[in-house]
Amino acid sequence: MSESEVNKYRLTGTSEPSDEMLAYIMHEVAEEARLSNEAALRKYFDEIKDMYDKKYGSKEN
C-alpha cells in the first residue's frame, strides 16, 4: 500500500478501509505517538534537571 493511497482515503461513513489500509494507518498513528511520547519524556526530565541545577547547582565542573 502506497502512502499516496492512504493519503487519498478519508474516513467516512460510506466506505470501510481495507485491513491493509487500517493496519497502515494504525502503524503510522502508533509511530507518531511513540515519537511524541519520547519528546515529552525528554522535555520533562530536561526541565527537572534544570530545576535541580537552579536549586542545587550543576554537578558538572
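Criteria and cut-off values
- Residues numbered from 1 in each chain as written.
- Predicted model: local features only at pLDDT ≥ 70, side-chain atom pairs only at ≥ 80, totals over all residues.
- Heavy atoms only, no water.
- Phe/Tyr/Trp six-rings, centres within 6.5 Å; stacked < 30°, edge-to-face > 60°.
- Buried < 20%, exposed > 50% of the residue type's maximum accessible area, 1.4 Å probe, protein only.
- Helix = DSSP H or I, 4+ residues; strand = E, 2+ residues; numbered from the N terminus.
- Patch = residues over 30% accessible without salt bridge, like charges linked within 9 Å, V, L, I, M, F, W, Y side chains within 5 Å.
- Areas by Shrake-Rupley, 256 points an atom, 1.4 Å probe, with all protein chains shown as cover.
- Salt bridge = Lys/Arg side-chain N within 4 Å of Asp/Glu carboxyl O.

(A) Local environment of the packing of aromatic side chains. What the rule picks out here adds up to two aromatic pairs. With 5.0 Å between their ring centres and 80 degrees between their planes, Tyr 44 and Phe 45 make a pair best called edge-to-face. A relative accessible area of 48% places Tyr 44 in the partly exposed class. Taking the relative accessible area as the measure of exposure, Phe 45 reaches 48% and is therefore partly exposed. Aromatic pair Tyr 52 and Tyr 56: ring centres 4.9 Å apart, planes at 45 degrees, arrangement tilted. Pair noted here: Tyr 52 and Tyr 56 are both in helix 2 (residues 19-56), with a separation of four residues, about one helical turn. You can call Tyr 56 exposed: its relative accessible area is 55%.

(B) Looking closely at a nonpolar patch on the surface. A surface patch of nonpolar side chains, amounting to about 520 Å² of accessible area, comprises Leu 41, Tyr 44, Phe 45, Ile 48 and Met 51. By secondary structure assignment, the location of Met 51 is in helix 2. Take Met 51: its relative accessible area is 56%, and that puts it in the exposed class.

(C) Quick peek at the pattern of salt bridges. On inspection of all chains with the given rule, the structure shows three salt bridges. One salt bridge connects Glu 31 with Arg 34, and the closest N-O pair in it is separated by 2.6 Å. Remark: Arg 34 and Glu 31 occur in helix 2; sequence separation between them is three residues, near one turn of the helix. Judged by relative accessible area, which is 31%, Glu 31 ranks as partly exposed. The shortest N-O distance in the salt bridge between Arg 34 and Glu 38 comes to 2.6 Å. Residue Arg 34 and its partner Glu 38 are located together in helix 2, separated by four residues, close to a single helical turn. Residue Glu 38 is classed as partly exposed on the basis of its relative accessible area of 34%. What you see here is one network of salt bridges that share partners, running through Glu 31, Arg 34 and Glu 38.

Shape descriptors only; they carry no functional weight alone.
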